[in-house]
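Residues per chain are reported as follows:
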Amino acid sequence: MTDQDRSTSVDGAENLPEQMRVRREKRKRLLDEGVDPYPVTLPVTHSLAEVRAAHPDLPADTGTGDRVGVAGRVMFLRNTGKLCFATLRGGDGSELQAMLSRNEVGADSLTAWKSDVDLGDHVFVHGEVITSRRGELSVLADEWRVAAKALRPLPVTHKDLAEETRVRQRYVDLIVRDQAAETVRTRAGALRSLRDSFHRRNYIEVETPMLQTLQGGASARPFVTHSQAFDMDLFLRIAPELYLKRCVVGGIEKVFEINRNFRNEGSDSSHSPEFAMLEFYEAYSDYDSMAELTRALIQEAADSLFGTQVVTWADGTEYDLSGQWSTLTMYGSLSEALGSEVTPETSVQTLRKHAEDVGLTQLDPGYGHGKLVEELWEHLVGDHLYAPTFVRDFPVDTAPLTRQHRSEPGLAEKWDLYVRGVELATGYSELVDPVTERARLEEQARLAVAGDEEAMPVDEDFLRALEYGMPPCGGVGMGIDRLLMALTGLGIRETILFPLVRPE
RNA sequence: GCGCCAAUAGCUCAAGUGGCAGAGCAACUGACUCUUAAUCAGUGGGUUCGGGGUUCGAGUCCCUGUUGGCGCACCA
């Protein structure tokens, strides 16, 4: 839209929709009358919520003698001849009624109210706190002023916006749809709960680079950008892992970060190109104790937000996050689903046969043992998991930064946490042997040279860090957006305030 | 990336087989001193997403572009 230029000129507003033209004319009229439609400050003495809290059980048709100055957005107007009502809403979502009586404000002021104030405007009202005859807590105005004139009409408040408008104009969605505002608060509450949980356990929060010189820490295609000053390409990070491990080497042995990752991939109901990630590492922990901690973090978040670990989703479904969660092994559950034993020794040929038998016919011919096992598992088991489930012990060749299983050859000490069939978190006993790690990264680098855009190169500085000695360590990555999905039942684009959309 | 579906008033949505583009809310004018999505009477408001085509006639059919949703593929 380029209509900001027209706002100063009524002439230029001719081709605007009627309702926008009318509001611009009202703004201009106020200015011509010497009234600032956007005053810099107003004598607000109480929030709407504070007024409500101060008078919880006032009987109908009662005065209090309390005089307050309040402000809010006009959500509904009910103007009669000599007595007007407006529902004001404050930034915390609380509402309070304003009453304007001709006896209190005078005929001119009441006429001005009726002609100048539109739905969506912010207004300031000063007066006595009373209840109406119907019992509605109200401020009976002795003075009122426009606090901020809205130039666009509010959408209908009792219907949701179309989905595209909700995402493109979230600011309007937040005004109109309670669920949108509620989701923002739920997300903030979940983040606060996570930080509280970590601080109780003496974790240190850090921030590590978003601009990285090497792609690493996960298998994903990165976004590439360019530094003019350094004259070099940089990657937006796909994961903070390699820096958080450097922290552990340096002695920050209980460390977490909550920040954005960027992956150059498509989006759907559970994927977004930029997404919030929690990663945490703890020295002398392993994937078992990290699974316990992960469960505690999620359950504490549910308790903190809703006072229960049986959460109710937006569609009314109850989802039980309480108690212990079930555990499967990848090979065990896959063998059971196939009705045929699969182990780390099972040949690629046999796995391909299994894949064809279950209808997975267009798998990349370059897939090795581990990737085939994962594909089969996701198809036969993962997609059908509903209750929270830890899936343990992955093929070692799919987890280049993970320690070999302490007793089972060919396996890595890695788990994935599935909630409602979506991968919510992944945990590891971290690989800390620099020599083994170098061999793993060199293999990754070979894949990268061969054209695998998701494989990482050898990060010499990271290997140097490991060579100084990294203590035994457990690590976890958890998608914050997906945690919100698990807690609310919403799609990922509802949990992200401003998801990426193409420009209009 | 491939397939299917959609885009109409400020907002949410209607308009069998091609035949005067409508409703609710919102807006405008008037009435109303206790309303709660106030009520009553009246009025205005449209590049039917953009471009091209078929037709006497296109919101509707065809081609094309843009944007979005869903499914599949990839990823967490």
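Structure: see above.
Residues numbered from 1 in each chain as written. Chains lettered and ligands numbered in written order. Predicted model: local features only at pLDDT ≥ 70, side-chain atom pairs only at ≥ 80, totals over all residues. Heavy atoms only, no water.

Let's talk about the protein's contact with RNA strand B
Here comes step 1: For RNA strand B, the set of nearby residues contains 49 residues, the closest of which are S132, R134, H158, H271 and E423.
Here comes step 2: Sugar plus phosphate: this is where 53% of the atoms of RNA strand B within 4 Å of the protein reside.
Here comes step 3: One nitrogen or oxygen atom from the main chain of L77 is found 3.4 Å from a phosphate oxygen belonging to RNA strand B.
Here comes step 4: Between R168 and RNA strand B, the recorded distance is 3.0 Å, taken from a side-chain N or O atom to a sugar or linking oxygen. (Near = heavy atom within 4 Å. Polar contact = N/O pair within 3.5 Å; in protein donor to acceptor, adjacent residues only side chain to side chain.)

Brief notes about unusual backbone geometry
Here comes step 1: Of note in the backbone geometry, D61 takes a positive phi value of approximately 60 degrees without being a glycine.
Here comes step 2: You can see D61 is positioned in the loop between α2 (48-54) and β1 (63-79).
Here comes step 3: Residue D61 is classed as exposed on the basis of its relative accessible area of 54%. (Helix = DSSP H or I, 4+ residues; strand = E, 2+ residues; numbered from the N terminus. Buried < 20%, exposed > 50% of the residue type's maximum accessible area, 1.4 Å probe, protein only.)

Here's the deal with the nonpolar core
Grouped burial of nonpolar side chains is what soluble globular proteins tend to show.
Here comes step 1: Formed by 34 residues in total, the largest nonpolar core has its most connected members in L278, F280 and L417.
Here comes step 2: Looking at this core element by element, the count peaks at seven residues for helix α9 (residues 287-306).
Here comes step 3: Once you skip the residues sitting within four places of it in the chain, L417 turns out to touch T294, I298, W325, T389, F390, V422, E423, L424 and A425.
Here comes step 4: Among the nonpolar cores identified, the runner-up in size contains 24 residues, and A86, V105, W113 and V139 belong to it. (Core = buried A, V, L, I, M, F, W, Y, C linked by side-chain atoms within 4.5 Å. Contact = heavy atoms within 4.5 Å.)

Focus: the sheet that holds strand β10 (residues 254-262)
Here comes step 1: Taking strand neighbours across the sheet as the criterion, the eight strands line up as β6-β10-β11-β18-β17-β16-β15-β14 in an open arrangement whose pairing is mixed. Each of the sheet's edge strands pairs with one partner strand only, and the pair in question is β6 (204-205) and β14 (326-329).
Here comes step 2: The sheet contact formed by strand β16 (residues 411-419) and strand β17 (residues 422-429) spans six bridges and is antiparallel. If you follow V419 over to β17, its bridge partner there is V422.
Here comes step 3: Against the sheet, helix α7 (residues 178-200) engages β6, β10, β11 (274-283) and β18 (473-479), with an angle of about 150 degrees to β10.
Here comes step 4: Set on the sheet, helix α15 (residues 480-488) makes contact with β10, β11, β16, β17 and β18; between it and β18 the angle comes to about 65 degrees. (Pairing = 2+ DSSP bridges. Axes fitted to C-alpha atoms, helices over the stretch in contact; angles between N-to-C directions.)

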